[in-house]
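Notes for the structure review
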Amino acid sequence: MTSALTDPHALSGDACLRALDAGPAGLTGAEATRRLAAHGPNRMPEVRGRGPVLRFLMHFHNVLIYVLLGAAVVTATLQHWVDTGVILAVVMANAVIGFVQEGKAEAAMAAIRQMLALRAAVLRDGQRLTVDGAEIVPGDIVLLEAGDKVPADLRVLEARGLAAQEAMLTGESVPVEKDTDPVAADAALGDRRSMLWSGTLVTQGTARGLAVATGPGTEIGRIGGLLAGVEQLTTPLVAQMDHFARWLSFLILLAAGLLLVYGYFVGHHEFDEMFMAVVGVAVAAIPEGLPAVMTITLAIGVQAMARRHAIVRRLPAIEAIGSVSVICTDKTGTLTRNEMVVAAAETPEGSFTIAGKGYAPLGSITPAGDLSRLALAAALCNDAALHDRSGQWTVEGDPMEGALLAFAGKVGVSRAADRLDAIPFDSRHRFMAVLTEDLGGRRTQVKGAPERVLRMCGGVDYAHWHDRAEALARRGLRVLALAERVETGDRLDAAALECGLTFLGLVGLIDPPRPEAVAAVAECHSAGIRVKMITGDHAGTAAAIAAQIGLANPRRVLTGHDLDKLDDAQLALEAASVDVFARTSPEHKLRLVTALQANGLSVAMTGDGVNDAPALKRADAGIAMGLKGSEAAKEAADLVLADDNFATIVAAVREGRTVWDNLKKVISWTLPTNAGESLVVVLALLVGLAMPVTAVQILWINLITAITLGLALAFEPTESGTMARPPRRRDAPILSGELVWHVVMVAALFLASVFGVFAYALDKGHSLALAQTMAMNLLVVLEIFHLFFIRNIHGTSLTWDAVKGTRVVWTVVIAITAAQFAVTYLPPLQTILGTEPVPLADGLLIVGIGATFFAIIEIEKQIRLGLKGSLLSVWRRSTRA
Ligand code: ATP
C-alpha cells in the first residue's frame, strides 16, 4: 500500500485521523478486515534469493571439488572412463545431498524467522488488542512502549518521554526525541519528529500512533532495506574447519605431486598407472563431504532447538550455548510461572487474606474490611485488561497488573475514571503513576516497589511498613505498595511525586515457581553449570524463590545497592559465589556478565527489557524472552525463548552440547578414515609393493562411504550422560591432541589390517584380484565399525542402545553392505571394479578383523576415559583441599 496521506508529519494528528477516516478509539474489526483486503498485509515484499539452479551450482564452487573435477578431466583424457565416471559420481552425489539438505535447512531457518514475527498492540473497537504485525492497516491506532519495534509508519498522536532509535533509516545512532507537533513539510526524514518509522525501535517512553503507511508503502519499504542479508549457515567452528579443509587439500595436492614424481622417477612405475593411483590417493584423502555434513549438522541442531522452543537468531550461538558454565536468569516468568494472584493485603486497618484462583475476579476476603481505596488505585494505575472467555479469565498485558484487576473485582470496585496522564513503569525507577479524573475529582495513583513508594509518602512509619513488606517477601510473595494524592493540575510531574503522597497499603502476590525449573536447575548443577538469579524484585522474595527453586546458594543476596559499592575486582570475586542478585537494574546485569567473564566463565544471560540489550550482547549467549520480551531485547539476543521458560534454556544447552559432539564426531570419523584409506595406497607406492586396492576401487569406496556414513553422524541423538559432564572450555580446540592421536592410531590400524589381509590372501594362493577385493571390503567394514565406535566417544559402545544404533545409521549400513555385496558378487560390476567373489570363510575373516579393530580402539578409549576420570577426581580433591 502506498500512503494515502502526503506529508502526514506536517499535518496535525486530527487532520491525519480525518484524512484516513479513523478515530482515536481505533478502527472496528470489520473495517480493519476490509482495509487489510484492500491494502494488503503489512509486510515487505519477499527478496528473491538465489534460484535453485544457481544454488545447485554453488555446491561445485569449492576448492575440494575443483580438485576432483580436475582429476576427472585428466582421467578422461587418459581414457580411463570408469574412473572418470566414479569421480563424477562422487562430485554429483556430494552436490545433490548438499543441495537437498541445504534446502531443508533453509526452509527450517525461514520457518524459524517466521516464529519471530512481530506482534503489535492496536486499538480495535476501542479495545486494546495484540495482533500480528502483518495485520496492521492504515488508520489503525498503535500503542507502543519502550523496547517495542515500530510496526508501520506512524503519525504520533500521543507521546510521553518518547524517543526512537532510527539508525537503520537515518544513520543517526543517538535516539531521537519524538512528540506530536507537526513539522515543516520539507523536513528531512531524521527531523520529522512527529513520525515513528516502521522497523525502528522505541528506546524510551510510550506512544500512541496512527498508522499512515504499511508494508512497501513505508519509508523502509521504499528503500527496500531492513532485509538483513540472508544469514550464512555457519559458526566459528565450521568456518575454522572450512579453512582447515582448504589447507588440507593443498597439502594433499602437494603430497600427491611429490608422490607422482617419486613413483615415476624413483619407483619406475608406468606414468599412466602411477597417475591413476595418485588420483585415487588424492580423492580418498580429500574430505570433500565434510563442509556439507557439518552444515547439515548445524541445521539439524537449529531445528532440534526450535522444537524445544529455543529459537536461534545467530548460528554461532549454537556453539556458545553448549559451552556455558553459568546461566544468569531473571526470576519473574522464567523461574516462576508469571501467573499471579493477589494473596495478601496490608493496610493501616489490618492484614487481609484474599482467596480465589487465576484471574477470575471472584474470591472472598478475610476478615471483612474496606479495601476500596487500595483496590481502586490498583485498578486505575494499571494498563492490563481482563477478558472473560466463557468462564476462562485471561489477561491482556502484564500478568501482575491482571492480578491487581482481579483483586479489585473481588473487592468490588471497577475502573471508572479517565486517565489524564501517566508515568509508565520503568525497572530503573520501579514505580508507575497515573493521573485520573472521576466525579470525585482528580487524583494521582502510584504503585511500585515498597521502599520506593514509602519514600514518596508523608506521615508514614517507614520502619513499620518496611518490616511488614519484608514479612510478606519472606513468604516468597511479590510485594507492591500503593499510594495516592488529590491533585489540581492536568499533568504529572515526576519531581512533585517525590513527597506528600498518602500511603494506602501493600499487596502481596503469589507467583509460584515453575515445577520444571526445579528439575532444570538440578540438571544444570549436574552438568557443572551454576545458575544465578538476577531480578528486579525484592531481596526477600528473591531469596525465598531461590530456595524453592534449588539454587546452590540461596542464602546470600546481593542487592543492586550492594553492587554499586563494589569495584570491579571485588565484584568479580563476589559474583562467583553469590547466586541471588535482587533489586538490580539492567546496568548491573552488564557489570555482572563482565565480572563473571573475568573469572573465565562462559555466561548465558537472559533479558527482556530495552535496557537489557548491552548485557545480552556482552554475554557469550544472550537469551531474550519471546513472550514478554521487548523487540529491542530480541534483536540483541542470540537465542529467543518462545515460552520464556528456564527449562528451555537448559534444553538448548543440551542441544548445543549435542551439536558440538556431533560436529566433533563427524570430524573424528572423517579424518582418520580418509587418512587410513589414502595411506594404504601411498605406502604401497612408496615401498614398491603391489597395490592392495586399485585406484578405481578406492574411488568407489570413497563414493559410497564418504557422505553416507559421515552424514549419519549429523543425526546422532544426545548421548546419555551429556548433561553429567562439566562444560567444555570455550576455547578448547576441536583439533585436539586427542584427535590427532586418534587419527594416527586408526590410520595405523587400517594399514596393518589391510596389508595383513592382502598378504594373507596372496599367501593362501588367491589371485591378485581376489586379494584386492578382500582388501577393499575390509576397508569398508573397518569404516562401519569405526562409525559405531565414534557414536559413543564419551561412553561405552558396548551397550544394547549402542548396538541398536539409530534408523539413519542402520539404513546407511545396510545400503552400503548391499552395495558391497553387489560389486563383489555381480558379474557386470565385477568387470568394472576388477573384483572377484570372496569365499564365505574369507568374508567371515574380514568381519572378524573389523570386530578386532573395534575391540582395540574401544579398549584404548576405556583406558583413556578411565585415566581422565581419575585425573579429574584428583584435581577436584586438590582444588577442594
Ligand atoms: P525479573 O527481573 O526477575 O523479571 P521483576 O519483574 O520483579 O523481576 P522488574 O520488572 O524490574 O523485575 O520489577 C522490579 C520491581 O518493580 C518489582 O518487584 C515491583 O515491586 C515493581 N514493579 C514491577 N512491575 C511494576 C509495574 N507494572 N508497576 C509498578 N511497579 C512495578
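1. Here we look at the packing of helix 23 (residues 646-687) against helix 24 (residues 695-714)
Each pair of packed helices can be described by the angle between their axes along with the distance between the axes. At a closest axis distance of 9 Å, the pairing of helix 23 and helix 24 adopts a crossing angle of 165°. When the interaxial angle is binned, helix 23 and helix 24 end up roughly antiparallel. Regarding helix 23 and helix 24, the two cross each other, and that crossing is right-handed. Residue-level contacts link N662, K665, V666, W669, E677 and V681 of helix 23 to I698, I701, N702, T705, A706, L709, G710, L713 and A714 of helix 24.

2. What about the sheet that holds strand 23 (residues 603-607)?
Taken in spatial order, the eight strands line up as 8-25-24-23-9-20-22-21 in an open sheet, and their pairing is mixed. Pairing within the sheet leaves two strands with one partner each, and these edge strands are strand 8 (310-312) and strand 21 (557-559). On average, adjacent strands in this sheet sit at an angle of 20° to one another, irrespective of strand direction. Sheet analysis places strand 21 next to strand 22 (residues 580-582), joined by three bridges and oriented parallel. Bridge pairing in strand 22 links V557 to V580. Relative to strand 22, helix 17 (residues 539-549) is tilted by about 155°, and along the sheet it contacts strand 20 (530-534), strand 21 and strand 22. Contacting strand 9 (326-329), strand 20, strand 22 and strand 23, helix 20 (residues 586-598) crosses the sheet at an angle of about 170° to strand 23.

3. Structural notes on helix 15 (residues 462-474)
Because an α-helix packs 3.6 residues into every turn, residues spaced three or four apart end up facing the same way. The terminal C-alpha atoms of helix 15, which comprises 13 residues, lie 18 Å apart, in line with the 18 Å expected from a rise of 1.5 Å per residue. Of all the residues in helix 15, the buried ones are W465, R468, A469, L472 and A473. For helix 15, the angular spread of buried residues about the axis comes to 145°, placing them on one side. Next to the buried residues of helix 15 lie strand 10 (341-347), strand 11 (350-354), helix 14 (450-456), strand 18 (478-487), strand 19 (502-510) and helix 17. One or two steps after helix 15, the chain reaches G476, where phi turns positive at roughly 85°.

4. Side note on the sheet that holds strand 10
Overall, antiparallel pairing links the eight strands, which are arranged 12-11-10-19-18-17-16-15 in an open sheet. A strand with exactly one partner marks an edge of an open sheet, and here the two such strands are strand 12 (365-366) and strand 15 (418-423). One ladder, built from four bridges, connects strand 10 with strand 11; its direction is antiparallel. Opposite A345, over in strand 11, you have F352 as the bridge partner. Sitting on the sheet, helix 12 (residues 372-380) touches strand 10, strand 15, strand 16 (431-438), strand 17 (441-448), strand 18 and strand 19, and the angle it makes with strand 19 is about 70°.

5. Concerning the site of the ligand
Every one of the 21 residues lining the ligand counts as a neighbour, but K331, T332, R478, T535 and D537 are closest to it. K447 has a polar side-chain atom sitting 3.1 Å from a nitrogen atom of the ligand. With respect to the ligand, the side chain of T535 contributes an N or O atom lying 3.0 Å from an oxygen atom. In the complex, the protein chains occlude 90% of the 600 Å² of accessible area that the ligand would expose alone. In terms of residue class, the shell around the ligand is built from six nonpolar, five polar and ten charged.

6. So, the domain arrangement of the chain
Parsing the chain into structural domains produces domain 1 (8-47 + 116-223), domain 2 (247-306 + 652-719 + 734-880), domain 3 (311-336 + 514-644) and domain 4 (341-510). Between domain 2 and domain 4, the C-alpha centre-to-centre distance is 69 Å.

7. Structural notes on a nonpolar patch on the surface
Where nonpolar side chains cluster on the molecular surface, the patch consists of V261, Y262, Y264, F265, V266, F271, L683, L686, V687 and L689 and spans about 900 Å² of accessible area. Looking at the nonpolar patch, the elements that each hand over two or more residues are helix 8 (236-266) and helix 23. Sorting elements by how many residues they give to the nonpolar patch places helix 8 first, with five residues. Here F265 shows up in helix 8. Given the relative accessible area of 55%, F265 is considered exposed.

Basis of the calculations
Counting from 1, residues in each chain are numbered in the order their sequence is written. Side-chain atom pairs in this predicted model are given and counted only at pLDDT of 80 or more, local residue features only at pLDDT of at least 70, and totals for whole chains, interfaces and linings cover all residues. Calculated side-chain values reflect all of the structure's heavy atoms, with hydrogen atoms and water omitted. Throughout, an axis means a line fitted to C-alpha atoms (over the contacting stretch in the case of helices), and angles, computed between N-to-C directions, take values from 0 to 180 degrees. Strands here mean DSSP runs of E at least two residues long; helices mean DSSP runs of H or I at least four residues long; both are numbered from the N terminus. Each angle receives one of four descriptions, namely roughly parallel if under 35 degrees, roughly antiparallel if over 145, roughly perpendicular if within 65 to 115, and oblique otherwise. Crossings are sorted by hand: turned counterclockwise from the far helix by less than a right angle, the near helix makes the crossing left-handed, and turned clockwise it makes it right-handed. Residues are treated as being in contact if the distance between any of their heavy atoms lies within 4.5 Å. Pairs of strands are assigned from DSSP output, requiring at least two bridges between the strands. The span one expects for a helix is its residue count, reduced by one, times 1.5 Å. Using a 1.4 Å probe on the protein chains alone, a residue whose accessible area is under 20% of its type maximum counts as buried, one over 50% counts as exposed, and one in between counts as partly exposed. Arc, as used here, means the arc of the directions from the helix axis to the C-beta atoms. Residue proximity to a molecule or strand is established when one non-hydrogen atom of the residue lies within 4 Å of it. Under this definition, polar contacts are N or O atom pairs within 3.5 Å; protein pairs additionally need one hydrogen-donor-capable and one acceptor-capable atom, and for neighbouring residues in sequence, both atoms have to be side-chain atoms. Note on areas: Shrake-Rupley with a 1.4 Å probe; residue coverage comes only from the protein chains shown. Side-chain classes follow a simple rule in which Ala, Val, Leu, Ile, Met, Phe, Trp, Tyr, Cys and Pro form the nonpolar group, Asp, Glu, Lys and Arg form the charged group, and the remainder, Gly included, forms the polar group. In this document the domain limits rely on a domain assignment from an automatic tool or a database. Residues with no salt bridge and a relative accessible area higher than 30% make up the patches, which join like charges within 9 Å and nonpolar side chains (Val, Leu, Ile, Met, Phe, Trp, Tyr) within 5 Å. Should a side-chain nitrogen of Lys or Arg be within 4 Å of a carboxyl oxygen of Asp or Glu, the pair is scored as a salt bridge.

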